[in-house]
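Summary of the model geometry
Listed below, chain by chain, are the residues.
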Amino acid sequence: MKQRRQLCTFYLERLMFGVEVEKVQEVIRYQAMTRIPLAPGVIAGLINLRGQIVTAVDLRRQMGMSPRPAGELPMNVVVRREDGPVSMLVDEIGEVVEVDEQSFEPAPDTLDSRRREFIGGVYKLKDKLLLLLDTEKAVATVEPEAA
Amino acid sequence: MPGGELLSEMGEIIKEFLIESNEGLDRFDRDLMALEQEPRSRELLDSVFRAIHTIKGTGGVLGYKKLVALSHVGESVLSRMRDGTLALTPEIATTLLAMADALRSMLQQISGDGGEGDADHSAVQERLAELLIPQTQRPQLQRDPQTTIAAEVPRLGEILVASEVCAPEDVHVAMNQQREGDPRRLGEILVAAGVAEPSAISEGLKTQSEHHEVASNTLRVDVSLLDKLMNLVGELVLARNQVLQFTGTEKDSGFLGTAQRLNLITTELQEGVMKTRMQPIGNVWNKLPRIVRDLSVGCGKQVAVEMEGAETELDKTILEAIKDPLTHMIRNAVDHGIELPAVRTAAGKPPEGRLLLRAFHEGGQVNIEVSDDGAGIATEKLKARAIAKGIVVAEQAARMSERELLHLAFAPGLSTIEQVSNISGRGVGMDVVKTNIEKIGGTVDLQSVPGKGTLLRIKIPLTLAIIPALVVTSGGERFAIPQVSLIELVRCDGATRAIEDIHGACVYRLRGSLLPLVYLNRELRLPEPASSEAVNIVVLQAADRQFGLVVDEINDTEEIVVKPLSKQLKPVSCFAGATIMGDGAVALILDVLGLAQMTRVVSESDGRSSANRADAAVAAAVGRESWLLFRVGQQGRMAVPLSLVSRLEEFAADDVERAAGHEVIQYRGRVMPLIRLGAVLGYEGTDAGSKLPVVVYSSHGRNVGLVVDEILDIADESVAVEQDRHTGLLRGAAVLQQRVTDLLDVPALLAAQRLNEEQGARA
C-alpha cells in the first residue's frame, strides 16, 4: 500500500525544497516588484500577476539564509491561500517529483531551529534530501511577540 | 437527487417571496402615507390593496397560516375602503402600518429559520378586526386571487370599451359566450360578431401588451455578479491603460485606431457597469417618511417631509453605508430639531415642522442635505454639556468659534437634549454618523441658526472602486494619493527660508498659518533625493487637520482601481491599498489618515478610531490671547500665556542659593525655586550674565521662577497652535508677531522638574 505524493520542487541556497503540487497555483519567472516601505523584512514587495496584486515573500530572508547574491533574480512560486495567492521567492525551480510516503521522516532535531519551523519533514530521495516546506508558515509574517 | 433539487427549488421560491413581499411592504408604507395626503386616489388605494393581497396569496400557497390570517384582516379593511364604506383615518393608517410591521417581522423570521415564529401579533389583528365591527355585515372577501392580480393589466374588453371600439354590452355578450364554452378568444368572437374591426382588436392587444412590458422589463441580478463585473471592468481599464502606453511609441495607424476605439469602448463600458450598481437615493429615502411619521406621532409633533433629488444615483455599497447615518440624522432632526406645535406657534412659525431632504451631484461627489426649520442648536448648551462631560475644558471652550462649538455635536458621548428620550440621545449619536460617513470617504458638515433650523450636509464619493488619485514619486517609488484628501499643491523654490524647523518638526507658512510638514521619504525610510532646490508640498486633509506632505516629484492625476493589500501587510497603517499603473507596475495607495496618525499630525484617537474629535477642533484654533514672549539661548523664541505669569523680575546672579539640590532664591519672604530654561531645554548660548531675567509663575499658591535670557514683548494675538507638535515640554508652535514661536508647556515643565504641587504632596 504505497502512497505517492507529487511535490513541486525548488532550490534555496542549493537545498532542495518541495511543496504539494495542489497548493501551487503557478510558477513564474522574475517579475518587477514594488517595495513596500515599513513592511516586515521578509516581504519583498508586490507583483502584478495579470492584474491581481500579489504579495511576495522572500524565503531566504524568512529562513534566515544569506541574502541572494546581487544580479541573481529570484523566481516566483505562487501558492494558493484562503485569502488570495501569495508568491514565494526562490532561487531556482526544480522538477515535479513523485515521492513515496515511506521515505518520509520528520525534520531532524539538529536542524537550525529557525529553519526547522518551516520544514514539515524530509523525503529521502535516491541522491539527495527533499525538504517539505510548510507553506502556511513560510508566507506568514512574524507575529509580534507578546510584549 | 430529486428531493434535494425540489428542496432547493422551494428555497428559491421562498427567497423570491421574501424579496417581493418586503418590497411590497415598502410600497405599502409609502403609498399608504401618500394616501393619507390624497385620500381620493384610487390608484394609491389599489396599490396598497394589491401589495397586501399578493402577500396573502403567495403566503397561502407556501402555507404560512399566521401571515395569511393577518394579511387577510388587513385586506378586509382595505377592501372596505375600496368599497367606499370605510374612510381612511389616521387611526386606521397607524393600525395598517402596525400590520405591515408585524408582517415584516414574520418575514424576517421566515428568512431566518423558515418558520413564522411564535411572536404574537394578535393585538394588531384584533385592532384591525375592530375597525370592521361598525359595519353590520361583512362583505364577501374571498376573491379569486388571480383576478385581482390580473387587474394590474387591464383586460382586453376594458381597453376596447375605453377606446370606444365597442359597447360594454357587446363585450358582455362575448364573455358570456366564452363562459358557455366558446373556445375562441374574446377578440375573435368580437370580430366574428362584426362589432369590432380586426385592426381595432390588434390595437387593443398592443395596448395591453405595453402594460405587460412595464411589468417585465426589469431584471433581478445578484449583486455579487455585478461586483464581479465591476472587478473585471477594473482589470479592463488597467489593460486599456497599458495598451495606451504603447500608442506613444507605435506608429502603426491601424494599431492606433484600434487602441483609440478600445479606449472609448472601455470608458463607456466602465460607465455602463458602474451604472448598474447605481441606485436612486430615493430607495433609502422612501423608508424615512415612515420613521418620521412614527417619531412625530410619538413625541406629539407635526412634521412634513419634503424630498428633492430623490432620483440622484449612488453606488449600492455607498447607499447601504449611508442608510443608518441618514436614519440617525432624521431621528435627531425630528427629536431635537423640530419643536412642539405650541412652541412653534409661539415663535411665529407654522405648527407643522418642515424636514427637507436634498440630494444633488457636485464635482464628482454626491451632496446629501438634511435640513429642518426647527430650533437650531443651542451652542451655549452644547458648550456647557461638553465641559460637563470633560470633552473640552472651559478655557478651551471659551475660545472656540461658533463653528467649532457646533462641531462639538460630533464629539462622542455628547447629547444636548436634557431628557433622554427613547428615540435618540442615548449617547451614541452624531459621532457615529461622522465616523460612518468618513469610513466611506465622505465628510459631514453642520450649520445651524438658533431659532431658524439646522442643516447637515454629507458629501460622499460616487463610487469606491475606482477613484481619482494624484500620483507622486518619492525615493524612486510611485505612490497614489486619493484626490478626496487633496487640498492643494505647493511648490516652493529656495526652500530653506520658507520652511522652518522647530526642534526637528518642520513647518511651512501657508498664508500666515503653520502647516506641519511630513517628509514622505523620511517617514517611509526611503532614500532622500539628491538635491532639493525646490520642495513639492502636497497639502492634505486628515480628520480636521491639514498637513503638508513633502514628496520628490508630483506626477499626474489618474483614475485608479483600488485593490486591497494582503493580510500580511495589515500592520502597515499608512497604505490603504495598491493599484496597477498604466505601465503595469504596482503602486501603493497612501492612507492619508493613517499617515497622519503615524506621524502624529493627528492623534491616534482622532479620526477613524472614533474618539475625541473635539480636541482637534479645539486645538485648531485657540482664540485670541495675550502672550509673553521671551528669548532662551541665542535662538529660542518662546512664549507662555500671560495669564499664567504673576510677575516679571530681575535677580542678581549672586543672590541664587541652593536648597536640596535645586537653585532657589529668596523672594517675598519665601523660598522660590528657579528653573533655568536654557539648561532644561538644552539651548546653547545661554548668557551667564550677572542679571537674571525671571518670569515668575504662580502655581497652586506657590511661585516658581523661570530663568530666561531676555524678556522680549507681550503679544496680543489670536494664534493657531499646532498642538500635535507637542514634544515634551513644548505645547506646540505658533506664529506670533510674524515669527515662529515655541509655546512652553509650563505645567509639563513643572511636572518634569518635580515642582508640581500635587506631585510634591503625593511624594
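Residues numbered from 1 in each chain as written. Chains lettered and ligands numbered in written order. Predicted model: local features only at pLDDT ≥ 70, side-chain atom pairs only at ≥ 80, totals over all residues.

A word on the overall build of chain A. Tallying secondary structure elements over chain A gives three helices and 11 strands in all. Counting from the amino terminus, helix and strand elements in chain A follow one another as β-β-β-β-β-α-β-β-β-β-α-β-β-α. Taken over 147 residues, chain A has a buried fraction of 33%. A fraction of 55% describes how many contacts in chain A between residues 6 or more apart in sequence connect residues 24 or more apart. (Helix = DSSP H or I, 4+ residues; strand = E, 2+ residues; numbered from the N terminus. Buried ≥ 20, exposed ≤ 12 C-beta atoms within 10 Å, placed from the backbone. Contact = placed C-beta atoms within 7 Å.)

Counted at 1.5 Å a residue, the expected span for helix α11 (residues 223-246) of chain B with its 24 residues is 34 Å, and the 35 Å between its end C-alpha atoms agrees. For α11 of chain B, the set of buried residues is Met-230, Val-233, Gly-234, Val-237, Leu-238, Arg-240 and Asn-241 of chain B. (Expected span 1.5 Å × (residues − 1).)

This part covers helix α5 (residues 122-132) of chain B. Residues and elements named next belong to chain B. If you check which residues of α5 are buried, you get Val-124, Leu-128 and Leu-131. Burial along α5 is one-sided: seen end-on, the buried residues are contained in an arc of 50°. Counted as exposed and oriented over 90 degrees from the buried face of α5: Ala-123, Glu-126 and Glu-130. Where the residues of α5 are buried, they touch α3 (65-83) and α4 (90-113). (Arc of directions from axis to C-beta.)

Sheet strands pair via backbone hydrogen bonds, and the direction of the pair is either parallel or antiparallel. All names here are of chain B. A sheet is described by the order of its strands in space; here six strands give the open sequence β10-β14-β15-β13-β12-β11, paired in mixed fashion. The outermost strands of the open sheet, each flanked by one partner alone, are β10 (486-493) and β11 (499-502). Mean inter-strand twist for the sheet, computed between neighbouring axes without regard to direction, equals 35°. Pairing of strand β13 (residues 513-519) with strand β15 (residues 545-551), which is carried by three bridges, proceeds in the parallel orientation. (Pairing = 2+ DSSP bridges. Axes fitted to C-alpha atoms, helices over the stretch in contact; angles between N-to-C directions.)

To continue, consider unusual backbone geometry. Residue Leu-38 of chain A is not a glycine yet carries a positive backbone phi of 70°. For Leu-38 of chain A, a count of 15 C-beta atoms within 10 Å corresponds to the partly exposed category. Despite not being glycine, Arg-525 of chain B has its phi angle at roughly 50°, a positive value. By the secondary structure assignment, Arg-525 of chain B is in the loop between α22 (520-523) and β14 (534-542).

As a further point, take the interface of chain B and chain A. The interface of chain B with chain A comprises 20 residues on the first partner and 18 residues on the second. When residues of the side of chain B that touches chain A are assigned to their parent elements, the largest contribution, three residues, is made by strand β18 (residues 586-590) of chain B. In terms of residue class, the side of chain B that touches chain A is built from 12 nonpolar, three polar and five charged. (Nonpolar A, V, L, I, M, F, W, Y, C, P; charged D, E, K, R; others polar.)

What follows covers the packing of α3 of chain B against α4 of chain B. Residue and element names in this part refer to chain B. As a packed pair, α3 and α4 sit with axes 10 Å apart at the nearest point and diverge in direction by 160°. The orientation of α3 relative to α4 falls into the category roughly antiparallel. Remark: the crossing between α3 and α4 carries left-handed chirality. Residues Lys-66, Leu-67, Leu-70, Ser-71, Gly-74 and Val-77 of α3 pack against Ile-92, Leu-96, Met-99, Ala-102, Leu-103 and Met-106 of α4. (Parallel < 35°, antiparallel > 145°, perpendicular 65-115°, else oblique. Left-handed = near helix turned anticlockwise from the far one by under 90°.)

Among the nonpolar cores identified, the biggest contains 110 residues, and Val-57 and Met-88 of chain A together with Ile-481, Leu-549, Leu-590, Ala-639 and Leu-706 of chain B are the most heavily contacted of them. Not counting residues up to four positions away in its chain, the partners in contact with Ile-481 of chain B are Ala-469, Leu-470, Val-472, Leu-486, Val-538, Leu-590 and Val-592 of chain B. Listed in part, the 45 residues of the second largest apolar core include Leu-314, Ile-338, Leu-357 and Ile-368 of chain B. (Core = buried A, V, L, I, M, F, W, Y, C linked by C-beta atoms within 7 Å.)

Moving on, we get to the pairing of strand β1 (residues 4-12) of chain A. Residue and element names in this part refer to chain A. Here seven bridges tie β1 to strand β8 (residues 92-100), and the two strands are oriented antiparallel to one another. Opposite Arg-4, over in β8, you have Asp-100 as the bridge partner. Sheet topology note: the β1/strand β2 (residues 15-20) ladder contains six bridges and is antiparallel. Residue pairing for β2: Leu-12 is matched across the bridge by Leu-15. Linkage of β1 to β2, two consecutive antiparallel strands, is achieved through a turn of two residues, within which Glu-13 is found at a positive phi near 50°.

What follows covers the sheet that holds strand β6 (residues 75-79) of chain A. Residue and element names in this part refer to chain A. Reading across the sheet, the five strands line up as β3-β6-β7-β5-β4 and stay open at both edges, with mixed pairing between neighbours. Each edge of the open sheet carries a strand with a single partner, namely β3 (24-28) and β4 (43-49). Each strand axis lies, on average, 30° off the axis of its neighbour in the sheet, ignoring direction. Looking at chain direction, β3 and β6 are connected through four bridges and run antiparallel. Looking at β6, one finds that Val-27 is bridged to Val-77.

This part covers the packing of helix α15 (residues 316-337) of chain B against helix α20 (residues 430-439) of chain B. For any two helices packed against each other, the geometry comes down to the angle between their axes and how far apart the axes lie. Residues and elements named next belong to chain B. In the contact formed by α15 and α20, the axes pass within 9 Å of each other and the chain directions differ by 155°. In this view, α15 runs roughly antiparallel relative to α20, as classed from their interaxial angle. The two elements α15 and α20 cross, and the hand of that crossing is left-handed. Counted together, Ala-321, Asp-324, Pro-325, His-328 and Met-329 of α15 and Val-432, Val-433, Asn-436 and Ile-437 of α20 form the full contact between these two elements. Considered class by class, the residues forming the contact of α15 with α20 number six nonpolar, two polar and one charged.

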